[in-house]
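# Geometric and topological summary
Listed here are the chains, written in short residue letters.
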Amino acid sequence: MKTLVIAEKPSVAQDIVRALTPVAGKFEKHEDHFESDSYVVTSAVGHLVEIQAPEQYDVKRGKWSFANLPVIPPHFDLKPVDKTKSRLSAVVRQAKRKDVSALINACDAGREGELIFRLIEQYAGGAKPLNKPVKRLWLQSMTPQAIRDGFNSLRSEQQMQGLADAARSRSEADWLVGINGTRAMTAFNSRDGGFFLTTVGRVQTPTLAVVVEREEQIRKFVSRDYWEIHAEFAAAAGTYPGKWFDPKWRKEEDAEKKADRKWTAAEAQAIVNAVRGQKATVTEEATPTTQASPGLFDLTSLQREANGKFGFSAKTTLALAQSLYERHKALTYPRTDSRHLPEDYVPVAKQTFEMLADSGMRHLAPHALTALNNNYVRKIPRVFDNKKVSDHFAIIPTLQAPSGLSEAEQKLYDLVVRRFMAVFFPSAEYQVTTRISVAAGHSFKTVGKVLVKPGWLAIYGKEAAAEVEDAKDGDKGQNLVPVQPGEQVGVESVEAKGLKTRPPARYSEATLLGAMEGAGKMVDDDELREAMQEKGLGTPATRAAIIEGLINEKYMLREGREMIPTAKAFQLMTLLRGLQVEELSKPELTGEWEYKLAQMEQGKLSRASFMAEIAAMTEHIVKKAKEYDRDTVPGDYATLSTPCPNCGGVVKENYRRYTCNGADGASDGCGFSFGKSPAGRTFEPAEVEQFMRDKKIGPLDGFRSKAGWPFVAEMALKYNEEEKNWKLEFDFGDDKKNEESGEIVEFSDEALGACPKCGSPVHEHGSNYLCSKAVPTNEQPTPSCDFKTGKLILQQPVEREQVVKLLTNGKTDVLDKFVSNRTRRSFKAMLAWNPEEGKVTFEFEPREGGKKYPPRKTAAKKTPFGKAAATKTAAKTAKAPAAKKAAKPAAEKAPRKAAVGTLKPSAALMAVIGDGSYARTEVVKKIWDYIKANNLQDPADKRSIKADSKLQAVFGKDSATMFELAGIIGKHLS
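All figures in this text were calculated on a predicted structure; none of them were measured in a lab. (Residues numbered from 1 in each chain as written. Predicted model: local features only at pLDDT ≥ 70, side-chain atom pairs only at ≥ 80, totals over all residues. Heavy atoms only, no water.)

## Remarks on helix α19 (residues 607–627)
Given 3.6 residues per turn, any residue in an α-helix points the same way as the ones three and four places further on. The end-to-end C-alpha separation of α19 is 30 Å, in line with the 30 Å expected for 21 residues at 1.5 Å each. Looking only at α19, the buried set comprises Phe610, Met611, Ile614, Ala615, Met617, Thr618, Ile621, Val622 and Ala625. Taken around the axis of α19, the buried residues stretch over an arc of 160 degrees, which confines them to a single face. Buried residues along α19 sit in contact with α5 (161–189) and α18 (587–601). (Helix = DSSP H or I, 4+ residues; strand = E, 2+ residues; numbered from the N terminus. Expected span 1.5 Å × (residues − 1). Buried < 20%, exposed > 50% of the residue type's maximum accessible area, 1.4 Å probe, protein only. Arc of directions from axis to C-beta. Contact = heavy atoms within 4.5 Å.)

So this is what it looks like as C-alpha cells:
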C-alpha cells in the first residue's frame, strides 16, 4: 500500500521527491504525479475547490431581493474552480486509488494551506468520505534535510483540527458576510428601480474606507499661511545655511504647529529684522550614527517598493514576480508575508552569492564577490529566524541565473537581488553634526550628515550616498564648512519664506498597501490590534486583487500614481453609516475575527459558536437594510453651482437624487429632479455640473441593465411637455429627427474624410459620423446619401482618428472593447468599409495558419511533472478504424465576387491609374498607392498631398488634402 502526498504547488512536489529519493528509493515521473514503491506525490495549484450554497439554498431568480435574504445555509457544498478542473481531477484520481491507504497534507504551513487540502479531501470523498488516515507535513524550510526531518515528525489530524476549523470558519464567514452584505446593499440601492450593484466585503470595504476617509480629510482641509525664516551664515571657512526654530517649543495637539513655523508675517519679519547683519555664536554636537539596510522583501513590501520606484501597480508587480518564479525559476515563491529566512538556509544563501558572483551580471557580481571575500554571509538573527517564517519565507533570488528577461522583469529581479545582498553587508556609517547658531537671541539649526563608510549603500551606487535633496534649507543634512571653537559668524542674509499648509497626500498604491498591511495600527483595542499584527487587511497574495477589484467595481480610480475614491465609494460609506452597519467598513471586524480564529486554532473557542456569531451579524446587516424606512440617508451632501434648468432654483444632492430646492435652497422647489445613479452608475460631482450645464453627457460606461449586464450610453436632459419639466433620458444614438423633420444641419467641425459612397465630406453629428449629404443642409435640403456609422458600437467608443483611418485606408485599427449582444463576451475587431454590402462591417484579424479557430493541441504537452501524453495519443490513433482516417473532402467555397466597376477615368486621371473601368473605391485605392509609392504625403502633415506633374493635372493645383481627394476624383469619373 502507498501513501499519497499532496503539495500545494508543483515546485514543492518536485522538492519533496528530490528530498525523499535517497530514503524512499527512485520515483518514476508520470503525467500528473511522481511514484515510488511507497509514495505517490502530486500537487494542487493553489485552491482547486471553493465553497457554495447547497442547491436548495442557492437562489437563482430574485437573489437581489430582500425576500430571499439572509442566505445562511446549514452547511456548504463544494464546486471545482473552473480554471483548474483538470488538475483537481488528477489529484482526486490519485486519492481514490485502491492502493493508496493514507494521505499526507504537504500544503503550505498555514491556514490557507490547511483549507486547500481539507476541501480537496472532502471533494474527493463526495457523499462518502474517503476514510483514509491523514498526517500533516509542516515545513518552514525547503532544504532536503528539512523536508526529511518533517517526514520524520508528521503531525496527527487531531493536532491540526483547530487550524482546520479556523480555516473553514474564515472561508465560510467571508462568504456569508460578502454574499449577504452585497445582496442587501444592492437590494436597498435598487429599490427605486434599475439595478445598482453595491459590493461589500470584510477586506475590500475597510480598504475602501481608508481611501474615502483620506479623501474626506483632503476635501475638508483648510490651508493656513505660515512662515519659515532661513539665514545664510558666513564663517572664515565659507558659508552655511540655517533655519530658525524655537528651542522652547513643545509638541501640541495641532499637528501643523511645529518648532520652525511662525503664523503671522509680522512675527517672522520681526525675527528677520532682529538678526539681519548681526553676529552669531555657534555650538555644535557631532555624533556617529549607523543605518542598517531594510529587511528582505515579502510581497507587500516588494509591491510598495516597485510602485514607488517604477510606478508598477501591485497587480503588475505580482505578475512579474510570478513570472520570475514560475517561468524563469529566478525568484523564490512570491506570495509570502514573511521577511525572514529559515535558520538552516545559511548554506543556500552562500550558494546564491556564489551564483551571483559567477553570473556575469556586471552590476551585481562585484558586490557578491565582496560579500564572499569578506565573509559577510553568516547567520544574522535579523535575517534568519524560524519564528518569523510562516507558510513561506522571504522573496530571494534562487540558484538559477536568469536570461531573456523583459525590461520590467529585469528591474524587479535587480530590486530583489540588491535587497538580498544588502541585508548581509555592514551598516552605512555617518557622522551627523547638529549646529546651533544664535544671533540676537534667535536660534538657527543646521544639520550636517557625512557618509563615512557606505556599507550596504555601495550596492545601490552613488545616488544612494548622495547629499539629501534641498540641503540648502539647513535642516536636511549636508557637508558643513568647519567653524573654529569660539568663532563668531556673520548673518550674511536672512529672509522670511511665506508657505501654506498642505492637505494629507492621496494614497498611492504603495502607501495603500502599507495601510492595508498595518491596518492593526488603526484598531484601538490592544488584543484586536495584536491579533491583526501579522495579518492586516487581506494577505500579501490577495491585496493586489482587492485593489484591482475596487477599481473594476468603479469604487476607485487610478490617476497616475494616485488612488481616488469615486462618488459611488462615498455613497457606500454614507449608506453604511446611515444604516448603522459601520462594522463592515472598520478594520476592527478583521481584528475581531483574527483574534477569535487564533483562539479556535488553540482550542479555546468552538467553530460552532464562532459561526453562530457570524450568522447573527449577517442577520443584523440584512435586517438594518430591510427595515430602513426613511426617504433619504443622512450624509454630507453637495449643493450644485449650476441652477435648475426649469426655474433657476438651487439644486441639492440627497442620498438618491439631485433635486430642485427652490430659489432659497430650502423649499420644495419646482419638482425638477433626477437620480444620482441611473442604471447603477453614480454621477461624479463634475459630471453632474457638466450634465446640468450642457443638458447632455457621454458616452459613459459602467451602466447596468435590469438583468445586470453592463452597457455604455449617452444621457440627455429633455423637456417633457406633459409634465412641463426636464427629464433624464438615455440616448443610444437612434435619433433621426433631422432626416424626419427636415431641420437644416450646419456642420462646424472639420471634415474627417470623404464618404466612401458618394465622395462628400463626412462629419461628426450627434451620436454618429455621417455623410454631409445624409442630412438636410443649406447646400442640399433633400438627403441623397445614407452613409452613417455610430460613435458607439457594441459598447466600443469609436474615436475621430479611427474614423479618419476608416475613410482613408478602408479600415480602423483593431479595437478591443466590443461586447456581443448575444453572448455578452468582449471581442476584438476592425471596422471596415464593405463596398459589396455598402456599409461598415467587422473585420477580424487572421488567426494562426489562416484558420478561423486556433489549432487544437493534440501533440505532447509538458505538464509541471514533465511526462507528455504523446504515447496515449499515438495509441488512440492506431486503434481508430481505417474508415475514419479518410476524411470527407470539404466543398470548396466559391471565391467572393469583387465589386464591378463601370466608371471611366478622364485622360488626366488615366495617366495616373491606367485605362479601364473602375469602381469609385478602386480608384481611391489606386490613387493612394500612387501617392505612397512616390512619397507625395507632406512629412510635416500627412493629411496634405504634394502634387507631382501627373497629379497637378488631376488636382488643378499644387497640393490637396486627403479630405478633398474623393471630391476631386469624382470630377474625373464618368
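Now that the structure has been shown, we can carry on.
## Observations regarding the packing of helix α2 (residues 85–95) against helix α3 (residues 111–125)
Between α2 and α3, the least distance of the axes is 10 Å, while the angle of their chain directions is 70 degrees. As summarised for this structure, α2 and α3 are arranged roughly perpendicular, according to the angle between their axes. Considering only the axes of α2 and α3, their crossing is right-handed. From α2, Leu88, Val91, Val92 and Ala95 reach across to α3, where they touch Ile120, Tyr123 and Ala124. (Axes fitted to C-alpha atoms, helices over the stretch in contact; angles between N-to-C directions. Parallel < 35°, antiparallel > 145°, perpendicular 65-115°, else oblique. Left-handed = near helix turned anticlockwise from the far one by under 90°.)

## Section: the pairing of strand β7 (residues 100–106)
Counting buried residues along β7, six of its seven residues qualify, which places the element largely inside the surrounding structure. With six bridges connecting them, strand β1 (residues 2–7) and β7 associate as parallel partners. Looking at β7, one finds that Leu4 is bridged to Leu103. Pairing of β7 with strand β8 (residues 134–136) involves three bridges; the strand directions are parallel. Bridging across to β8, Asn105 finds its partner in Arg136. Handedness of the β7-α3-β8 crossover: right-handed. (Pairing = 2+ DSSP bridges. Right-handed = clockwise from strand over helix to strand, strands pointing away.)

## Notes on the pattern of salt bridges
Throughout the structure, instances matching the rule amount to 51 salt bridges. Ionic pairing is found between Glu114 and Arg118, a salt bridge with its closest N-O pair at 3.0 Å. In this pair, Glu114 and Arg118 both sit in helix α3, four residues apart, roughly one turn of the helix. Looking at Arg118, the relative accessible area reads 7%, which means it is buried. The residue Glu548 makes a salt bridge to Arg558 at a minimum N-O spacing of 2.5 Å. (Salt bridge = Lys/Arg side-chain N within 4 Å of Asp/Glu carboxyl O.)

## Here's the deal with the packing of aromatic side chains
Working definition: an aromatic ring pair is given by the centre-to-centre distance plus the angle between the planes. All chains considered together, the criterion is met by 31 aromatic pairs. Judged by centre distance (5.5 Å) and plane angle (75 degrees), the ring pair of Phe233 and Phe444 falls under edge-to-face. With Phe233 in strand β10 (residues 225–235) and Phe444 in strand β14 (residues 442–453), the pair connects residues that are 211 residues apart, well separated along the chain. The pair formed by Phe233 and Phe444 is uniform in burial state, with each residue classed as buried. (Phe/Tyr/Trp six-rings, centres within 6.5 Å; stacked < 30°, edge-to-face > 60°.)

## Some points on the packing of helix α8 (residues 299–310) against helix α12 (residues 407–422)
The contact between α8 and α12 brings their axes to 11 Å, and the two run at 120 degrees. Here α8 is positioned oblique relative to α12, judged by the angle of their axes. Between α8 and α12 the crossing geometry is right-handed. The segment α8 lies against α12, with Leu302, Glu305, Ala306, Lys309 and Phe310 engaging Lys411, Leu412, Leu415, Val416 and Arg419. Looking at side-chain class alone, the contact of α8 with α12 contains six nonpolar, no polar and four charged residues. (Nonpolar A, V, L, I, M, F, W, Y, C, P; charged D, E, K, R; others polar.)

## Things to note about helix α4 (residues 144–152)
Taken together, the buried positions of α4 are occupied by Ala146, Ile147, Gly150 and Phe151. Viewed along the axis of α4, the buried residues span an arc of 140 degrees, placing them on a single side of the element. In this structure, the buried side of α4 is in contact with β1, α1 (10–24), β4 (39–43) and β7.

## Structural notes on the sheet that holds β10
If you trace the six strands once around the closed barrel, you get β10-β11-β14-β13-β12-β15, paired in antiparallel fashion. Adjacent strand axes in the sheet meet at a mean angle of 35 degrees, parallel and antiparallel pairs treated alike. Here six bridges tie β10 to strand β11 (residues 238–245), and the two strands are oriented antiparallel to one another. Residue pairing for β11: Ala231 is matched across the bridge by Gly242. Running at roughly 170 degrees to strand β15 (residues 489–500), helix α7 (residues 265–275) makes contact with β10, β11, β13 (428–439), β14 and β15 of the sheet.

## Considering the confidence of the model for the protein
Scored by pLDDT, the protein comes out at a mean of 86, with 89% of its residues at no less than 70. Across residues 734–741, where pLDDT falls below 50, the model places eleven contacts with residues more than four positions away in sequence or in other chains. Considering only residues more than four positions removed or in separate chains, one finds that residues 848–900, a stretch of pLDDT under 50, has 33 contacts. (pLDDT = per-residue confidence, 0-100.)

## Notes on the environment of Tyr333
The topology assignment puts Tyr333 in the loop between α9 (314–326) and α10 (346–358). Sequence spacing of Tyr333 and Pro397 is 64 residues, and the spatial spacing of their C-alpha atoms is 9.8 Å. Non-local contacts of Tyr333, meaning those with residues more than four positions away in its chain, are made with Lys9, Tyr325, His392 and Ile395.

## Points about the pairing of β15
Here β10 runs beside β15; their pairing, made up of ten bridges, is antiparallel. Each residue of the ladder has a partner; that of Ala231, found in β15, is Val494. Looking at chain direction, strand β12 (residues 279–291) and β15 are connected through two bridges and run antiparallel. Residue pairing in the sheet places Lys279 in a bridge with Gly490 of β15.

## Description of the sheet that holds strand β19 (residues 657–660)
Strands pair in a sheet through their backbones, by hydrogen bonds, and they do so in one of two ways: parallel or antiparallel. Sheet architecture is open: three strands sit in the order β18-β19-β20, paired in antiparallel fashion. Each of the sheet's edge strands pairs with one partner strand only, and the pair in question is β18 (651–653) and β20 (673–675). Sheet twist, expressed as the average angle between the axes of neighbouring strands with direction ignored, equals 15 degrees. Relative to β20, β19 is paired through three bridges, and the arrangement is antiparallel. Bridge pairing in β20 links Arg657 to Gly675.

## With respect to unusual backbone geometry
Residue Pro70 is reached from Leu69 by a cis peptide bond, and omega for that bond is 0 degrees. Within the fold, Pro70 resides in the loop between β5 (49–52) and β6 (77–80). For Lys554, which is not glycine, the phi dihedral falls at a positive 65 degrees. Here Lys554 lies in the loop between α16 (540–552) and β16 (556–559). Backbone geometry places Lys695, a non-glycine residue, at a positive phi of 60 degrees. Examined against the element boundaries, Lys695 turns out to sit in the loop between α20 (685–694) and β21 (696–704). By relative accessible area, Lys695 is classed as partly exposed at 27%.

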